[in-house]
Amino acid sequence: MSDRTAGSTEPTARTRERTLSVTTLAGEFHAPSLSDFFPPALLFEGTPFELDRLMLIRLLMSAVLIIVMMLAFRNPRLVPRGLQNIAETGLVFVKEQIADEVLGKETGRKYFPLIATIFFSVLFLNFSGIIPGLNISSNARVGFPLVLALIAYLAFNYVGIKKYGFLTYMRSSIVVPNVPPALHVLLIPIEFISTFVLRPFTLTVRLMANMLAGHIMLVLFFSATWFFLFDAVAWMKVFSPFSLIAGLGFTLFEILVIFLQAYVFALLTAVYIGLAQHADSH
């Protein structure tokens, strides 16, 4: 993303490529751009294993998640303490408030590993958006949300097909009972699109759009603070505390969004599994 250097005393303004980050705005103001979510390759450029900054953040946060869980349960205690206590609290929340609540205890226990994996994957990858030095959630790019949505899609369709068989499951999912036959011409396409197209699409877009918007808002607030302090004319410096306070306040709001998006994604996965299990009661 090219932009002119703010406040420069040189006769000709310089342009340069910079990755949007609240930690790399020294001396310049850069308006947010979608190009910031597609940075240049850092490793294995030109190969199928090409890695850019967002991919490395995904790998890093995935490794952190694995390490945290291994450390928490390497020597489990009957009475949990420290990291084990935190990890168990998270797992109990997912089990009781999502899996058991939506699917019932027996079915919830069966699909709890899948739902918990989705919840903690979304949660940890989102957290990179407020970690200094990372400053972006890799869920703000469509790849990983799409993968998770496809996993949820395959899971709930597998559940329905396994229980009813393919044809019965499809018929139960898209045919609304007790309506005039003429309405089926309208309702069957609507139900098909709603169940088999919009579900994975909305799962993907909801997560991606929320994290993308959150990142852009944080960058705007903190880059504006830097601009008012160091690049703006003297009378504009009075605005810097306000943009800083707004940035800090929005960071707290973003923490709420991080948890909420993990909860919603896991909850909807459980809801879709439950609907597939009871497709005949459409």
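Residues numbered from 1 in each chain as written. Predicted model: local features only at pLDDT ≥ 70, side-chain atom pairs only at ≥ 80, totals over all residues. Heavy atoms only, no water.

This part takes up the overall build of the protein. A count of helical and extended segments in the protein gives 7 helices and 2 strands. Taken from N to C terminus, the helices and strands of the protein fall in the order β-β-α-α-α-α-α-α-α. When each of the 282 residues of the protein is scored for burial, the buried share is 39%. In the protein, 62% of the contacts between residues at least 6 apart in sequence involve partners at least 24 apart. For the protein, the accessible surface area stands at approximately 15,500 Å², while carbon and sulfur atoms represent 71% of it. (Helix = DSSP H or I, 4+ residues; strand = E, 2+ residues; numbered from the N terminus. Buried < 20%, exposed > 50% of the residue type's maximum accessible area, 1.4 Å probe, protein only. Contact = heavy atoms within 4.5 Å. Areas by Shrake-Rupley, 256 points an atom, 1.4 Å probe, with all protein chains shown as cover.)

Once that is clear, we can look at the nonpolar core. The biggest cluster of nonpolar side chains holds 48 residues, and the ones touching the most others in it are V94, I115, F119, F120 and F265. When residues of this core are traced back to their parent elements, those giving at least two are helix 1 (53–73), helix 2 (82–103), helix 3 (105–127), helix 4 (143–164), helix 5 (166–174), helix 6 (184–231) and helix 7 (240–277). By residue number, the principal contributor to this core is helix 3, which donates 11 residues. In this structure F120 touches L65, M69, G90, L91 and V94, once residues within four positions along its chain are discounted. (Core = buried A, V, L, I, M, F, W, Y, C linked by side-chain atoms within 4.5 Å.)

To continue, consider helix 2. Over its 22 residues, helix 2 runs 30 Å from end to end, which matches the ideal 32 Å to within 8%, given 1.5 Å per residue. The largest bend in helix 2 amounts to roughly 30 degrees and is located at K95. Listing the buried residues of helix 2 in full gives Q84, A87, G90, V94, I98, A99, D100 and L103. Taken together, the buried residues of helix 2 touch helix 1, helix 3 and helix 7. (Expected span 1.5 Å × (residues − 1). Bend = angle between axes of the 7 residues up to and from the residue.)

Between side chains of opposite charge, a pair can form when the charged atoms approach closely. Counted under the stated rule, the structure contains 2 salt bridges. Here D52 ties to R141 by a salt bridge, and the two come within 2.7 Å at their closest N and O atoms. In this pair, D52 is assigned in strand 2 (residues 51–52) and R141 in the loop between helix 3 and helix 4, connecting sequence segments 89 residues apart. Of the charged contacts, one joins D100 and K95 as a salt bridge, the two residues approaching to 2.8 Å between their closest N and O atoms. The class for K95 is partly exposed, based on a relative accessible area of 29%. (Salt bridge = Lys/Arg side-chain N within 4 Å of Asp/Glu carboxyl O.)

This part is about the UniProt feature "transmembrane region" (unreviewed entry) in the protein. Feature annotation in UniProt places "transmembrane region" (unreviewed entry) on residues 55–73, 111–131, 143–161, 182–201, 207–230 and 242–275, given in this structure's numbering. Between the C-alpha atoms that bound residues 143–161 the distance is 27 Å, and the span itself is 100% helix and 0% strand. Here residues 207–230 runs as 100% helix and 0% strand, with 35 Å between its end C-alpha atoms. (UniProt positions renumbered as here; feature names shortened; annotations may be inferred.)

Once that is clear, we can look at the side chain of N139. Tracing the backbone shows N139 in the loop between helix 3 and helix 4. Of the residues examined, N139 reaches a relative accessible area of 0% and is grouped as buried. In this structure the side chain of N139 is engaged in a polar contact, spanning 2.8 Å, whose partner is the side chain of N126. Residues contacting N139, with those up to four places away along its chain left out, are V122, L125, N126, F144, P145, L207, M208 and M211. (Polar contact = N/O pair within 3.5 Å; in protein donor to acceptor, adjacent residues only side chain to side chain.)

Take the environment of K105 next. Its place among the elements puts K105 in helix 3. With 10 residues separating them in the primary sequence, K105 and K95 have C-alpha atoms 8.8 Å apart.

The way to describe two aromatic rings as a pair is by their centre distance and the angle between their planes. Per the stated rule, a full pass over the model turns up 14 aromatic pairs. Among the aromatic side chains, those forming a connected cluster through ring pairs are F93, F119, F120 and Y263. A cation sits over an aromatic face here: R199 above F156, 5.2 Å from the ring centre. (Phe/Tyr/Trp six-rings, centres within 6.5 Å; stacked < 30°, edge-to-face > 60°. Lys NZ or Arg CZ within 6 Å of the ring centre and 35° of its normal.)

A separate point is the environment of R53. Checked against the element boundaries, R53 lands in helix 1. Taking the C-alpha atoms as reference points, R53 and I136, separated by 83 residues in sequence, lie 9.7 Å from one another. Within the local environment of R53, its side chain forms a polar contact with the backbone oxygen of G133, the two atoms lying 3.3 Å apart.

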